[in-house]
Amino acid sequence: MADARNEPVVVIGLGRFGGALAVELNNRGTEVLGIDGDARTTQSYSGQLPHLATADATDVEALRQLGVNEFHRAVVGIGTDIQASILATSLLAELGVADIWAKAISRQHGRILERVGAHHVILPEHDMGERVAHLLTGRLLDYVEVDRDFAMVKTTPPQDAVSVPLRESRVRSRYGVTVVAVKSEARGPDARFTYATPDTVLMYGDIVLVLGRIDDVERFAESG
């Protein structure tokens, strides 16, 4: 099976989101074709991306001439021009691109993108807003929603989970969450996360990664 990381990606729209994504992919060794309709924008990335094109992504013939139909993966990062975002996404689907990611600025926009062919919809502003809200209102050190009602959080353990092995603290049965990994701050600033096991003993000051339903992981964090 081919390594998906080595498959080239076409990124349409080199604004803040698309441009940052394209540069990061390129830095990770992925071949990227960056496309934008503004020549000044594409020129601004000339020192960071080896493959650039100034073209109208709502023109199917322009996309064909650039060989976009030969790509397996594509990202539509077009921002405020919703019509162009939707049309570019539908053209990628028409060209047979198998894995289409598209940025949306609202849930309604996202639903339309899914209808016209996007396999993955990204809501960066909405997702970041939710994440910051969770961090501001709780004891969470970090928060990543992995599904509609499922999340992984970084937090500190509650008092009743400290100084006993995880199997004895019964974290999963009491809170409905799983402690995935732990980092012991007592080991110094270079401490790293290690996988948690039933024999892992959590201590005050430890940082834990916890997986579970959003209400459950928040209840676990608030119990500290």
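Up top you'll find the structure we're talking about.
Overview of the structure.

Here is what the cut-offs are and how they apply
- Residues numbered from 1 in each chain as written.
- Predicted model: local features only at pLDDT ≥ 70, side-chain atom pairs only at ≥ 80, totals over all residues.
- Heavy atoms only, no water.
- Core = buried A, V, L, I, M, F, W, Y, C linked by side-chain atoms within 4.5 Å.
- Buried < 20%, exposed > 50% of the residue type's maximum accessible area, 1.4 Å probe, protein only.
- Helix = DSSP H or I, 4+ residues; strand = E, 2+ residues; numbered from the N terminus.
- Contact = heavy atoms within 4.5 Å.
- Patch = residues over 30% accessible without salt bridge, like charges linked within 9 Å, V, L, I, M, F, W, Y side chains within 5 Å.
- Areas by Shrake-Rupley, 256 points an atom, 1.4 Å probe, with all protein chains shown as cover.
- Salt bridge = Lys/Arg side-chain N within 4 Å of Asp/Glu carboxyl O.
- Lys, Arg positive; Asp, Glu negative; His and termini not counted.
- Charge placed at Lys NZ, Arg CZ, Asp CG, Glu CD.
- Arc of directions from axis to C-beta.

Moving on, we get to the nonpolar core. Ranked by size, the top nonpolar core spans 27 residues in total, and within it Val10, Ile12, Ile35, Leu63, Val68 and Leu92 carry the most contacts. Elements represented by at least two residues in this core include exactly β1 (9-12), β2 (32-36), α3 (60-65), β4 (73-76), α4 (82-94) and β5 (99-103). Residue contributions to this core peak at five residues, all from α4. If near-sequence neighbours (up to four positions away) are discounted, Ile35 is found in contact with Val10, Val11, Ile12, Gly13, Leu14, Ala53, Ala55, Leu63, Leu66 and Val68. Within the second largest apolar cluster, 19 residues are counted, among which are Tyr175, Val177, Leu202 and Val217.

Before going further, it helps to examine a positive patch on the surface. Where like charges cluster on the molecular surface, the positive patch consists of Arg107, Arg111, Arg115 and Arg148. Along the chain, the position of Arg111 falls in helix α5 (residues 107-116).

Along α5, the residues that are buried comprise His109, Gly110 and Leu113. Down the axis, α5 shows its buried residues gathered within 100° of arc, on one side only. Turned more than 90 degrees away from the buried face of α5 sit Gln108 and Arg115, all of them exposed. Looking at the buried residues of α5, the elements they touch are α4, β5 and β6 (120-122). Within two residues after α5, Gly117 carries a phi angle of roughly 135°, on the positive side.

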